[in-house]
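Listed below are the residues making up each chain.
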Amino acid sequence: MESYRTAKAFALTSAFWFAVATTFGLLAAGYLIAPDFLANIGWVHFGRTRPIHVNLVLFGFVTPGLLAGAFYMVPKLMRTPLYSETLGLINVVLWNLTVASGIAGLSAGYSQAREYAEWIWPVDMGIVVNFVLIFINVVMTIRRRQEPLLFVSVWYVCAAVVMTACTYALGNVIWNPDTGALAGISDAIILWFYGHNIFGLLLTPLSLAVAYYVIPKVTRTPLYSHTLSLLGFWGLLVVYTHIGTHHLLQVPVPTWLKVIAIVDSIGMVIPVMVFLINIWYTAKGKLGEIHADIGGKFVFTGTIMYFFVSIQGSMMALPQVQRVTHFNNWVVGHAHVGVLGFAGMTALGGLYYILPRLVGRPIYSRFLADLQYWLILIGVSGFTIVLTIVGLIQGNAWLNGETVYRILPEVHIYYVLRVAIGVLIASSAYIGLYNVVRTLFFNPGVREK
Ligand code: HEM
Ligand code: HEM
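Residues numbered from 1 in each chain as written. Chains lettered and ligands numbered in written order. Predicted model: local features only at pLDDT ≥ 70, side-chain atom pairs only at ≥ 80, totals over all residues. Heavy atoms only, no water.

Enquirer: I'd love a proper account of the nonpolar core, names of residues and values included.
Expert: Leu58, Phe59, Trp119, Val157, Tyr212 and Tyr306 are the most contacted members of the largest nonpolar core, which totals 132 residues. Beyond its immediate stretch of four places on either side in the chain, Tyr306 contacts Thr204, Leu208, Leu236, Val272, Phe275, Leu276 and Phe342. (Core = buried A, V, L, I, M, F, W, Y, C linked by side-chain atoms within 4.5 Å. Buried < 20%, exposed > 50% of the residue type's maximum accessible area, 1.4 Å probe, protein only. Contact = heavy atoms within 4.5 Å.)

Rendered as C-alpha coordinates:
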(Lines give C-alpha, C1' and ligand atoms only; values in the text may rest on other atoms or scores of the structure.)
(Ligands and ions follow the chains in the order given, each with its own letter.)
Protein backbone atom coordinates (compact mmCIF):
# COMPACT_ATOMS: atom_id res chain seq x y z
CA MET A 1 0.00 0.00 0.00
CA GLU A 2 1.29 3.47 -0.88
CA SER A 3 2.17 5.63 2.12
CA TYR A 4 -0.14 8.64 1.52
CA ARG A 5 1.80 10.54 4.17
CA THR A 6 0.86 13.91 2.65
CA ALA A 7 -2.87 13.09 2.72
CA LYS A 8 -2.57 11.92 6.33
CA ALA A 9 -0.70 15.06 7.36
CA PHE A 10 -3.26 17.33 5.69
CA ALA A 11 -6.06 15.36 7.38
CA LEU A 12 -4.49 15.93 10.79
CA THR A 13 -3.87 19.59 9.97
CA SER A 14 -7.52 20.09 9.10
CA ALA A 15 -8.85 18.36 12.21
CA PHE A 16 -6.51 20.34 14.46
CA TRP A 17 -7.28 23.80 13.05
CA PHE A 18 -11.03 23.00 12.98
CA ALA A 19 -10.89 22.73 16.77
CA VAL A 20 -8.89 25.96 17.13
CA ALA A 21 -11.02 27.85 14.59
CA THR A 22 -14.31 27.06 16.29
CA THR A 23 -12.82 28.06 19.64
CA PHE A 24 -12.03 31.48 18.16
CA GLY A 25 -15.54 31.56 16.62
CA LEU A 26 -16.94 31.06 20.11
CA LEU A 27 -14.73 33.82 21.49
CA ALA A 28 -15.91 36.21 18.75
CA ALA A 29 -19.56 35.31 19.27
CA GLY A 30 -19.15 35.60 23.05
CA TYR A 31 -17.68 39.06 22.66
CA LEU A 32 -20.84 40.16 20.83
CA ILE A 33 -23.03 39.27 23.83
CA ALA A 34 -20.60 40.42 26.53
CA PRO A 35 -18.25 43.03 25.07
CA ASP A 36 -16.88 43.99 28.48
CA PHE A 37 -15.77 40.46 29.31
CA LEU A 38 -12.01 40.15 28.64
CA ALA A 39 -12.23 43.63 27.12
CA ASN A 40 -8.72 44.64 28.10
CA ILE A 41 -6.97 41.69 26.52
CA GLY A 42 -6.09 42.88 23.03
CA TRP A 43 -5.61 39.55 21.33
CA VAL A 44 -9.07 38.25 22.18
CA HIS A 45 -10.79 41.45 21.11
CA PHE A 46 -13.45 40.98 18.40
CA GLY A 47 -11.38 42.93 15.86
CA ARG A 48 -8.72 40.21 16.13
CA THR A 49 -10.68 37.05 16.93
CA ARG A 50 -13.02 37.56 13.98
CA PRO A 51 -10.32 37.53 11.25
CA ILE A 52 -8.47 34.77 13.14
CA HIS A 53 -11.66 32.66 13.12
CA VAL A 54 -12.39 33.34 9.45
CA ASN A 55 -8.84 32.73 8.21
CA LEU A 56 -8.56 29.58 10.29
CA VAL A 57 -11.77 28.05 8.96
CA LEU A 58 -10.72 28.86 5.39
CA PHE A 59 -7.00 28.05 5.42
CA GLY A 60 -6.71 25.87 8.51
CA PHE A 61 -9.76 23.63 8.41
CA VAL A 62 -11.60 23.49 5.07
CA THR A 63 -8.81 23.88 2.49
CA PRO A 64 -6.41 21.35 4.11
CA GLY A 65 -9.34 18.94 4.61
CA LEU A 66 -10.16 19.10 0.91
CA LEU A 67 -6.46 18.92 0.01
CA ALA A 68 -6.14 15.71 2.02
CA GLY A 69 -8.83 14.32 -0.27
CA ALA A 70 -7.01 15.66 -3.32
CA PHE A 71 -3.68 14.10 -2.31
CA TYR A 72 -5.46 10.76 -2.00
CA MET A 73 -7.67 11.01 -5.08
CA VAL A 74 -5.18 12.23 -7.65
CA PRO A 75 -2.75 9.29 -7.30
CA LYS A 76 -5.69 6.86 -7.14
CA LEU A 77 -7.33 8.27 -10.26
CA MET A 78 -4.00 8.45 -12.11
CA ARG A 79 -3.09 4.90 -10.96
CA THR A 80 0.39 6.08 -9.98
CA PRO A 81 1.99 7.08 -6.66
CA LEU A 82 2.21 10.76 -5.74
CA TYR A 83 5.20 12.40 -7.48
CA SER A 84 6.89 13.17 -4.15
CA GLU A 85 5.63 12.42 -0.66
CA THR A 86 8.68 14.29 0.69
CA LEU A 87 7.70 17.42 -1.21
CA GLY A 88 4.15 16.87 0.04
CA LEU A 89 5.31 16.71 3.66
CA ILE A 90 7.45 19.83 3.25
CA ASN A 91 4.31 21.41 1.84
CA VAL A 92 2.26 20.46 4.91
CA VAL A 93 4.92 21.74 7.32
CA LEU A 94 5.18 25.01 5.41
CA TRP A 95 1.40 25.25 5.28
CA ASN A 96 1.12 24.93 9.05
CA LEU A 97 3.93 27.41 9.65
CA THR A 98 2.18 29.86 7.32
CA VAL A 99 -1.18 29.50 9.05
CA ALA A 100 0.36 29.68 12.54
CA SER A 101 2.38 32.80 11.70
CA GLY A 102 -0.68 34.42 10.09
CA ILE A 103 -2.68 33.81 13.26
CA ALA A 104 0.15 34.98 15.53
CA GLY A 105 0.42 38.14 13.43
CA LEU A 106 -3.32 38.83 13.58
CA SER A 107 -3.48 38.31 17.33
CA ALA A 108 -0.55 40.71 17.75
CA GLY A 109 -2.43 43.27 15.67
CA TYR A 110 -0.65 42.88 12.33
CA SER A 111 -3.43 43.00 9.77
CA GLN A 112 -3.97 44.43 6.31
CA ALA A 113 -7.59 45.01 7.31
CA ARG A 114 -9.04 43.73 4.02
CA GLU A 115 -11.55 40.93 4.46
CA TYR A 116 -10.16 37.48 3.59
CA ALA A 117 -6.84 39.24 2.85
CA GLU A 118 -5.92 40.29 6.37
CA TRP A 119 -2.64 38.40 6.46
CA ILE A 120 0.47 40.51 5.97
CA TRP A 121 2.90 40.12 3.09
CA PRO A 122 5.27 37.39 4.39
CA VAL A 123 2.28 35.19 5.20
CA ASP A 124 0.78 35.89 1.78
CA MET A 125 4.01 34.77 0.16
CA GLY A 126 3.85 31.57 2.22
CA ILE A 127 0.36 30.83 0.88
CA VAL A 128 1.39 31.46 -2.74
CA VAL A 129 4.50 29.26 -2.39
CA ASN A 130 2.33 26.53 -0.86
CA PHE A 131 0.00 26.53 -3.84
CA VAL A 132 2.93 26.45 -6.26
CA LEU A 133 4.35 23.39 -4.44
CA ILE A 134 0.98 21.66 -4.54
CA PHE A 135 0.73 22.44 -8.25
CA ILE A 136 4.17 20.90 -8.93
CA ASN A 137 3.29 17.72 -7.03
CA VAL A 138 -0.12 17.32 -8.68
CA VAL A 139 1.02 18.09 -12.21
CA MET A 140 4.06 15.83 -12.00
CA THR A 141 1.81 13.03 -10.73
CA ILE A 142 -0.48 13.58 -13.69
CA ARG A 143 2.49 13.50 -16.06
CA ARG A 144 3.45 10.04 -14.73
CA ARG A 145 -0.06 8.67 -14.94
CA GLN A 146 -0.94 5.16 -15.99
CA GLU A 147 -4.57 6.12 -16.63
CA PRO A 148 -5.25 7.99 -19.88
CA LEU A 149 -8.68 9.36 -18.84
CA LEU A 150 -8.60 12.52 -16.74
CA PHE A 151 -11.60 12.07 -14.46
CA VAL A 152 -13.35 15.35 -13.67
CA SER A 153 -12.07 15.45 -10.06
CA VAL A 154 -8.54 15.85 -11.42
CA TRP A 155 -9.66 18.78 -13.59
CA TYR A 156 -11.18 20.49 -10.56
CA VAL A 157 -8.12 19.95 -8.34
CA CYS A 158 -5.78 21.38 -10.99
CA ALA A 159 -8.05 24.36 -11.66
CA ALA A 160 -8.41 25.15 -7.95
CA VAL A 161 -4.66 25.11 -7.32
CA VAL A 162 -3.65 27.13 -10.40
CA MET A 163 -6.44 29.68 -10.08
CA THR A 164 -5.88 30.22 -6.36
CA ALA A 165 -2.13 30.74 -6.74
CA CYS A 166 -2.98 33.53 -9.21
CA THR A 167 -6.02 35.12 -7.56
CA TYR A 168 -4.47 35.01 -4.08
CA ALA A 169 -1.40 36.91 -5.37
CA LEU A 170 -3.61 39.39 -7.21
CA GLY A 171 -6.14 39.94 -4.43
CA ASN A 172 -3.45 40.45 -1.83
CA VAL A 173 -1.65 42.88 -4.15
CA ILE A 174 1.62 41.14 -3.34
CA TRP A 175 3.64 43.53 -5.50
CA ASN A 176 2.79 46.17 -2.91
CA PRO A 177 4.15 44.66 0.35
CA ASP A 178 3.61 47.71 2.56
CA THR A 179 -0.16 47.87 2.34
CA GLY A 180 -1.15 44.78 0.35
CA ALA A 181 -3.70 47.05 -1.27
CA LEU A 182 -4.38 49.35 -4.20
CA ALA A 183 -5.80 52.81 -3.67
CA GLY A 184 -9.46 53.79 -3.76
CA ILE A 185 -12.32 51.97 -5.40
CA SER A 186 -10.04 49.76 -7.53
CA ASP A 187 -8.94 48.14 -4.30
CA ALA A 188 -12.49 47.16 -3.39
CA ILE A 189 -12.98 45.68 -6.87
CA ILE A 190 -9.79 43.61 -6.84
CA LEU A 191 -10.37 42.54 -3.22
CA TRP A 192 -13.83 41.16 -3.98
CA PHE A 193 -12.70 39.62 -7.25
CA TYR A 194 -10.28 37.66 -5.06
CA GLY A 195 -12.62 37.29 -2.06
CA HIS A 196 -15.33 35.61 -4.05
CA ASN A 197 -12.79 33.43 -5.79
CA ILE A 198 -11.75 31.98 -2.44
CA PHE A 199 -15.23 30.41 -2.35
CA GLY A 200 -15.71 30.00 -6.10
CA LEU A 201 -12.30 28.93 -7.33
CA LEU A 202 -10.83 27.27 -4.25
CA LEU A 203 -13.43 25.80 -1.90
CA THR A 204 -16.05 25.02 -4.56
CA PRO A 205 -13.87 23.19 -7.13
CA LEU A 206 -12.03 21.23 -4.42
CA SER A 207 -15.37 20.27 -2.85
CA LEU A 208 -16.82 19.25 -6.20
CA ALA A 209 -13.68 17.18 -6.85
CA VAL A 210 -14.26 15.30 -3.58
CA ALA A 211 -18.00 14.86 -4.28
CA TYR A 212 -17.35 13.58 -7.82
CA TYR A 213 -14.97 11.00 -6.37
CA VAL A 214 -16.75 9.92 -3.20
CA ILE A 215 -20.36 9.62 -4.41
CA PRO A 216 -19.67 7.23 -7.34
CA LYS A 217 -17.32 5.21 -5.11
CA VAL A 218 -19.74 4.91 -2.21
CA THR A 219 -22.71 4.07 -4.44
CA ARG A 220 -20.54 1.80 -6.62
CA THR A 221 -22.09 3.46 -9.66
CA PRO A 222 -20.35 5.12 -12.60
CA LEU A 223 -20.84 8.88 -12.82
CA TYR A 224 -24.19 9.64 -14.49
CA SER A 225 -22.62 11.77 -17.25
CA HIS A 226 -19.02 12.66 -18.12
CA THR A 227 -20.29 15.30 -20.59
CA LEU A 228 -22.37 17.04 -17.92
CA SER A 229 -19.37 17.04 -15.60
CA LEU A 230 -17.30 18.92 -18.19
CA LEU A 231 -20.14 21.31 -18.94
CA GLY A 232 -20.37 22.10 -15.22
CA PHE A 233 -16.59 22.51 -14.98
CA TRP A 234 -16.28 25.04 -17.80
CA GLY A 235 -19.51 26.74 -16.72
CA LEU A 236 -18.07 27.25 -13.25
CA LEU A 237 -14.79 28.67 -14.53
CA VAL A 238 -16.43 31.00 -17.02
CA VAL A 239 -19.22 32.31 -14.80
CA TYR A 240 -17.80 32.25 -11.25
CA THR A 241 -14.82 34.43 -12.18
CA HIS A 242 -17.10 37.41 -12.98
CA ILE A 243 -19.32 37.72 -9.95
CA GLY A 244 -17.13 39.25 -7.22
CA THR A 245 -18.70 42.67 -7.67
CA HIS A 246 -22.00 41.37 -6.24
CA HIS A 247 -20.36 42.15 -2.88
CA LEU A 248 -20.19 45.80 -3.95
CA LEU A 249 -23.66 46.50 -5.30
CA GLN A 250 -24.11 49.33 -2.80
CA VAL A 251 -20.73 50.87 -3.59
CA PRO A 252 -19.89 53.37 -6.37
CA VAL A 253 -18.17 50.89 -8.69
CA PRO A 254 -18.88 51.09 -12.46
CA THR A 255 -22.44 50.04 -13.33
CA TRP A 256 -21.36 47.69 -16.13
CA LEU A 257 -19.37 45.70 -13.58
CA LYS A 258 -22.42 45.42 -11.33
CA VAL A 259 -24.57 44.31 -14.27
CA ILE A 260 -22.08 41.57 -15.19
CA ALA A 261 -21.90 40.46 -11.55
CA ILE A 262 -25.69 40.28 -11.19
CA VAL A 263 -26.32 38.53 -14.52
CA ASP A 264 -23.57 35.98 -13.90
CA SER A 265 -24.71 35.39 -10.31
CA ILE A 266 -28.04 34.30 -11.75
CA GLY A 267 -26.14 32.40 -14.47
CA MET A 268 -24.46 30.41 -11.68
CA VAL A 269 -27.66 28.38 -11.49
CA ILE A 270 -26.44 26.55 -14.62
CA PRO A 271 -23.10 25.09 -13.39
CA VAL A 272 -24.59 24.50 -9.95
CA MET A 273 -27.60 22.55 -11.23
CA VAL A 274 -25.54 20.70 -13.85
CA PHE A 275 -23.29 19.41 -11.05
CA LEU A 276 -26.16 18.59 -8.73
CA ILE A 277 -28.20 16.78 -11.39
CA ASN A 278 -25.13 14.75 -12.30
CA ILE A 279 -24.36 13.80 -8.69
CA TRP A 280 -27.95 13.22 -7.60
CA TYR A 281 -28.67 11.04 -10.65
CA THR A 282 -25.54 9.06 -9.84
CA ALA A 283 -26.87 8.58 -6.30
CA LYS A 284 -30.44 7.84 -7.43
CA GLY A 285 -31.79 4.73 -5.73
CA LYS A 286 -28.60 4.35 -3.68
CA LEU A 287 -29.40 6.43 -0.62
CA GLY A 288 -29.03 3.31 1.54
CA GLU A 289 -25.39 2.94 0.48
CA ILE A 290 -24.76 6.64 1.13
CA HIS A 291 -26.35 6.44 4.55
CA ALA A 292 -24.21 3.42 5.41
CA ASP A 293 -20.93 5.21 4.65
CA ILE A 294 -20.12 8.10 6.96
CA GLY A 295 -17.95 9.79 4.31
CA GLY A 296 -20.74 9.51 1.75
CA LYS A 297 -23.26 10.86 4.26
CA PHE A 298 -21.22 14.00 4.94
CA VAL A 299 -20.53 14.59 1.24
CA PHE A 300 -24.13 14.03 0.16
CA THR A 301 -25.35 16.48 2.82
CA GLY A 302 -22.72 18.90 1.50
CA THR A 303 -24.32 18.71 -1.96
CA ILE A 304 -27.74 19.59 -0.49
CA MET A 305 -26.18 22.57 1.31
CA TYR A 306 -24.55 23.56 -2.00
CA PHE A 307 -28.01 23.69 -3.54
CA PHE A 308 -29.38 25.91 -0.76
CA VAL A 309 -26.40 28.27 -0.52
CA SER A 310 -26.18 28.77 -4.27
CA ILE A 311 -29.87 29.45 -4.84
CA GLN A 312 -29.82 31.78 -1.85
CA GLY A 313 -26.66 33.45 -3.23
CA SER A 314 -28.21 34.04 -6.65
CA MET A 315 -31.18 35.72 -4.95
CA MET A 316 -28.87 37.81 -2.74
CA ALA A 317 -27.21 39.21 -5.85
CA LEU A 318 -30.48 40.89 -6.90
CA PRO A 319 -30.27 44.56 -5.85
CA GLN A 320 -33.85 44.59 -4.54
CA VAL A 321 -33.15 41.63 -2.24
CA GLN A 322 -29.76 42.96 -1.21
CA ARG A 323 -31.28 46.22 0.02
CA VAL A 324 -32.56 44.14 2.94
CA THR A 325 -29.86 41.50 3.28
CA HIS A 326 -26.62 43.48 2.85
CA PHE A 327 -24.53 44.72 5.79
CA ASN A 328 -26.14 42.39 8.31
CA ASN A 329 -26.22 38.87 9.70
CA TRP A 330 -28.18 37.43 6.79
CA VAL A 331 -24.83 37.34 4.93
CA VAL A 332 -23.08 35.75 7.91
CA GLY A 333 -25.78 33.04 7.84
CA HIS A 334 -25.16 32.49 4.12
CA ALA A 335 -21.41 32.34 4.79
CA HIS A 336 -21.81 29.55 7.37
CA VAL A 337 -24.11 27.51 5.09
CA GLY A 338 -21.51 27.83 2.32
CA VAL A 339 -18.22 27.44 4.11
CA LEU A 340 -19.34 25.03 6.86
CA GLY A 341 -22.50 23.39 5.45
CA PHE A 342 -21.22 22.83 1.93
CA ALA A 343 -17.41 23.00 1.84
CA GLY A 344 -16.76 21.99 5.48
CA MET A 345 -19.18 19.04 5.39
CA THR A 346 -17.67 17.91 2.08
CA ALA A 347 -14.14 18.20 3.48
CA LEU A 348 -15.12 16.09 6.49
CA GLY A 349 -16.82 13.58 4.19
CA GLY A 350 -13.63 13.34 2.16
CA LEU A 351 -11.62 12.81 5.37
CA TYR A 352 -13.90 10.07 6.67
CA TYR A 353 -13.90 8.39 3.27
CA ILE A 354 -10.10 8.37 2.91
CA LEU A 355 -9.02 7.79 6.55
CA PRO A 356 -9.81 4.05 6.67
CA ARG A 357 -8.12 3.65 3.30
CA LEU A 358 -5.05 5.56 4.46
CA VAL A 359 -4.51 3.44 7.55
CA GLY A 360 -5.96 0.17 6.24
CA ARG A 361 -8.37 -0.13 9.18
CA PRO A 362 -11.85 1.22 9.95
CA ILE A 363 -12.06 4.66 11.54
CA TYR A 364 -11.64 4.56 15.30
CA SER A 365 -15.27 5.26 16.09
CA ARG A 366 -18.16 5.38 13.66
CA PHE A 367 -20.38 6.44 16.55
CA LEU A 368 -18.27 9.57 17.20
CA ALA A 369 -18.22 10.39 13.48
CA ASP A 370 -22.03 10.09 13.37
CA LEU A 371 -22.29 12.27 16.46
CA GLN A 372 -20.08 14.86 14.78
CA TYR A 373 -22.31 14.73 11.69
CA TRP A 374 -25.47 15.44 13.69
CA LEU A 375 -23.87 18.17 15.80
CA ILE A 376 -22.74 19.98 12.67
CA LEU A 377 -26.04 19.48 10.86
CA ILE A 378 -28.03 20.81 13.83
CA GLY A 379 -25.42 23.56 14.32
CA VAL A 380 -25.41 24.85 10.77
CA SER A 381 -29.21 24.68 10.49
CA GLY A 382 -29.54 26.51 13.81
CA PHE A 383 -27.03 29.18 12.74
CA THR A 384 -28.93 29.70 9.49
CA ILE A 385 -32.27 30.19 11.23
CA VAL A 386 -30.92 32.45 13.97
CA LEU A 387 -28.70 34.60 11.75
CA THR A 388 -31.37 34.96 9.07
CA ILE A 389 -33.82 36.25 11.66
CA VAL A 390 -31.25 38.70 13.03
CA GLY A 391 -30.43 39.77 9.45
CA LEU A 392 -34.08 40.49 8.68
CA ILE A 393 -34.48 42.51 11.88
CA GLN A 394 -31.31 44.50 11.15
CA GLY A 395 -32.05 44.94 7.42
CA ASN A 396 -35.58 46.21 7.98
CA ALA A 397 -34.49 48.50 10.81
CA TRP A 398 -31.84 49.93 8.49
CA LEU A 399 -34.40 50.51 5.71
CA ASN A 400 -36.69 52.25 8.21
CA GLY A 401 -33.88 54.61 9.17
CA GLU A 402 -33.58 53.16 12.68
CA THR A 403 -30.32 53.84 14.56
CA VAL A 404 -28.20 50.77 15.19
CA TYR A 405 -28.06 50.85 18.99
CA ARG A 406 -31.85 50.79 19.34
CA ILE A 407 -32.16 47.28 17.92
CA LEU A 408 -29.29 45.80 19.93
CA PRO A 409 -31.60 44.69 22.80
CA GLU A 410 -33.86 43.02 20.24
CA VAL A 411 -31.08 40.93 18.68
CA HIS A 412 -29.29 40.08 21.93
CA ILE A 413 -31.21 36.87 22.56
CA TYR A 414 -30.31 35.61 19.07
CA TYR A 415 -26.64 36.28 19.75
CA VAL A 416 -26.93 34.21 22.93
CA LEU A 417 -28.52 31.44 20.85
CA ARG A 418 -25.62 31.63 18.41
CA VAL A 419 -23.15 30.97 21.21
CA ALA A 420 -25.24 28.03 22.42
CA ILE A 421 -25.40 26.54 18.93
CA GLY A 422 -21.70 27.34 18.47
CA VAL A 423 -20.92 25.13 21.46
CA LEU A 424 -22.40 22.19 19.51
CA ILE A 425 -20.21 22.92 16.49
CA ALA A 426 -17.07 23.45 18.59
CA SER A 427 -17.76 20.18 20.47
CA SER A 428 -18.09 18.41 17.14
CA ALA A 429 -14.67 19.73 16.15
CA TYR A 430 -13.06 18.46 19.37
CA ILE A 431 -14.74 15.07 18.89
CA GLY A 432 -13.55 15.00 15.28
CA LEU A 433 -9.96 15.77 16.30
CA TYR A 434 -10.03 12.95 18.85
CA ASN A 435 -11.44 10.53 16.28
CA VAL A 436 -8.91 11.47 13.60
CA VAL A 437 -5.94 11.23 16.00
CA ARG A 438 -7.14 7.85 17.30
CA THR A 439 -7.70 6.61 13.75
CA LEU A 440 -4.26 7.67 12.57
CA PHE A 441 -2.14 6.77 15.57
CA PHE A 442 -3.84 4.68 18.24
CA ASN A 443 -6.34 2.56 16.44
CA PRO A 444 -6.88 -1.03 17.54
CA GLY A 445 -8.74 -1.51 14.27
CA VAL A 446 -11.65 -3.47 15.66
CA ARG A 447 -14.04 -0.83 16.91
CA GLU A 448 -16.47 -0.14 14.05
CA LYS A 449 -19.38 1.10 16.15
C1 HEM B 1 -24.30 30.52 -7.01
C2 HEM B 1 -23.52 30.61 -6.00
C3 HEM B 1 -23.44 31.81 -5.09
C4 HEM B 1 -23.84 33.09 -5.25
C5 HEM B 1 -24.53 33.71 -6.47
C6 HEM B 1 -23.49 33.81 -4.05
C7 HEM B 1 -23.77 35.14 -3.82
C8 HEM B 1 -23.33 35.87 -2.75
C9 HEM B 1 -23.56 37.28 -2.55
C10 HEM B 1 -24.38 38.16 -3.47
C11 HEM B 1 -22.92 37.64 -1.42
C12 HEM B 1 -22.79 39.05 -0.86
C13 HEM B 1 -23.91 39.44 -0.01
C14 HEM B 1 -23.80 40.82 0.54
O15 HEM B 1 -22.70 41.28 0.93
O16 HEM B 1 -24.83 41.47 0.57
C17 HEM B 1 -22.29 36.45 -0.88
C18 HEM B 1 -21.53 36.42 0.27
C19 HEM B 1 -20.83 35.32 0.68
N20 HEM B 1 -20.84 34.06 0.09
FE21 HEM B 1 -21.94 33.50 -1.47
N22 HEM B 1 -22.89 32.95 -3.17
C23 HEM B 1 -22.83 31.72 -3.78
C24 HEM B 1 -22.27 30.58 -3.27
C25 HEM B 1 -21.45 30.55 -2.18
C26 HEM B 1 -20.68 29.40 -1.76
C27 HEM B 1 -20.72 28.05 -2.45
C28 HEM B 1 -19.96 29.79 -0.68
C29 HEM B 1 -18.99 29.00 0.15
C30 HEM B 1 -18.31 27.99 -0.27
C31 HEM B 1 -20.28 31.18 -0.42
C32 HEM B 1 -19.73 31.93 0.58
C33 HEM B 1 -20.01 33.26 0.81
C34 HEM B 1 -19.43 34.00 1.91
C35 HEM B 1 -18.42 33.47 2.95
C36 HEM B 1 -19.95 35.29 1.83
C37 HEM B 1 -19.65 36.43 2.80
C38 HEM B 1 -18.72 37.41 2.23
C39 HEM B 1 -18.49 38.56 3.20
O40 HEM B 1 -17.74 38.36 4.13
O41 HEM B 1 -19.09 39.61 3.01
N42 HEM B 1 -21.18 31.60 -1.34
N43 HEM B 1 -22.55 35.39 -1.71
C1 HEM C 1 -18.24 27.41 17.19
C2 HEM C 1 -18.79 27.61 16.04
C3 HEM C 1 -18.78 28.96 15.37
C4 HEM C 1 -19.09 30.17 15.89
C5 HEM C 1 -19.56 30.50 17.30
C6 HEM C 1 -18.90 31.15 14.85
C7 HEM C 1 -19.07 32.51 15.00
C8 HEM C 1 -18.78 33.47 14.07
C9 HEM C 1 -18.82 34.89 14.28
C10 HEM C 1 -19.20 35.56 15.59
C11 HEM C 1 -18.48 35.49 13.14
C12 HEM C 1 -18.38 36.99 12.89
C13 HEM C 1 -19.71 37.51 12.41
C14 HEM C 1 -19.77 38.99 12.33
O15 HEM C 1 -18.79 39.66 11.92
O16 HEM C 1 -20.83 39.56 12.65
C17 HEM C 1 -18.22 34.45 12.16
C18 HEM C 1 -17.86 34.66 10.85
C19 HEM C 1 -17.60 33.66 9.95
N20 HEM C 1 -17.56 32.30 10.21
FE21 HEM C 1 -18.01 31.42 11.95
N22 HEM C 1 -18.50 30.51 13.71
C23 HEM C 1 -18.40 29.17 14.01
C24 HEM C 1 -17.99 28.16 13.16
C25 HEM C 1 -17.64 28.37 11.83
C26 HEM C 1 -17.21 27.35 10.94
C27 HEM C 1 -17.01 25.90 11.34
C28 HEM C 1 -17.02 27.94 9.73
C29 HEM C 1 -16.59 27.32 8.44
C30 HEM C 1 -16.18 26.13 8.26
C31 HEM C 1 -17.27 29.36 9.87
C32 HEM C 1 -17.15 30.30 8.87
C33 HEM C 1 -17.27 31.66 9.04
C34 HEM C 1 -17.11 32.63 7.98
C35 HEM C 1 -16.77 32.32 6.52
C36 HEM C 1 -17.34 33.89 8.55
C37 HEM C 1 -17.29 35.24 7.83
C38 HEM C 1 -18.73 35.63 7.57
C39 HEM C 1 -18.94 36.93 6.87
O40 HEM C 1 -18.07 37.80 6.89
O41 HEM C 1 -20.01 37.14 6.27
N42 HEM C 1 -17.64 29.58 11.17
N43 HEM C 1 -18.39 33.21 12.76
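Enquirer: Let's hear about the site of ligand 1: which residues, and what values?
Expert: Close contacts around ligand 1 come from 25 residues, with Glu115, Tyr116, Phe199, His326 and His334 the closest. Contacts to ligand 1 include Glu115, whose side-chain N or O atom sits 2.7 Å from an oxygen atom. The separation between an oxygen atom of ligand 1 and a polar side-chain atom of Tyr116 is 2.8 Å. Secondary-structure elements contributing two or more residues to the shell around ligand 1 are α6 (185–219), α11 (294–316) and α13 (329–359). Its residues placed into classes, the shell around ligand 1 shows 12 nonpolar, 12 polar and 1 charged. (Near = heavy atom within 4 Å. Polar contact = N/O pair within 3.5 Å; in protein donor to acceptor, adjacent residues only side chain to side chain. Helix = DSSP H or I, 4+ residues; strand = E, 2+ residues; numbered from the N terminus. Nonpolar A, V, L, I, M, F, W, Y, C, P; charged D, E, K, R; others polar.)

Enquirer: A description of a nonpolar patch on the surface should follow, citing residues and the corresponding values.
Expert: Together, Tyr83, Val132, Phe135, Ile136 and Val162 make up an exposed nonpolar region whose accessible area comes to about 360 Å². In terms of residue count, helix α4 (residues 121–143) provides more of the nonpolar patch than any other element does, 3 residues in total. Tracing the backbone shows Phe135 in helix α4. (Patch = residues over 30% accessible without salt bridge, like charges linked within 9 Å, V, L, I, M, F, W, Y side chains within 5 Å. Areas by Shrake-Rupley, 256 points an atom, 1.4 Å probe, with all protein chains shown as cover. Salt bridge = Lys/Arg side-chain N within 4 Å of Asp/Glu carboxyl O.)

Enquirer: Quick one: what's the story with the coordination of the iron atom of ligand 1, residue by residue and with numbers?
Expert: The protein supplies the iron atom of ligand 1 with one donor atom, His334 (NE2), which lies at 2.2 Å. Following the sequence through the fold, His334 ends up in helix α13. (Donors = N, O, S within 2.8 Å, 3.2 Å for Na, K, Ca; no water.)

Enquirer: Outline the coordination of the iron atom of ligand 2, supporting the account with residue identities and numerical values.
Expert: For a metal bound by four donors in tetrahedral geometry, the ideal donor-metal-donor angle is 109.5 degrees, whereas six donors in octahedral geometry ideally sit at 90 or 180 degrees. Protein-derived ligands of the iron atom of ligand 2 are His53 (NE2) and His336 (NE2), with the metal-ligand distances lying across 2.0 to 2.1 Å. Viewed at the metal, the 6 donor atoms of the iron atom of ligand 2 are separated by angles of 84 to 179 degrees, and the geometry they form is octahedral. Taken together, the residues His53 in helix α2 (residues 46–78) and His336 in helix α13 connect sequence positions 283 residues apart. (Tetrahedral: all angles 85-135°; square planar, octahedral: opposite > 155°, others 65-115°.)

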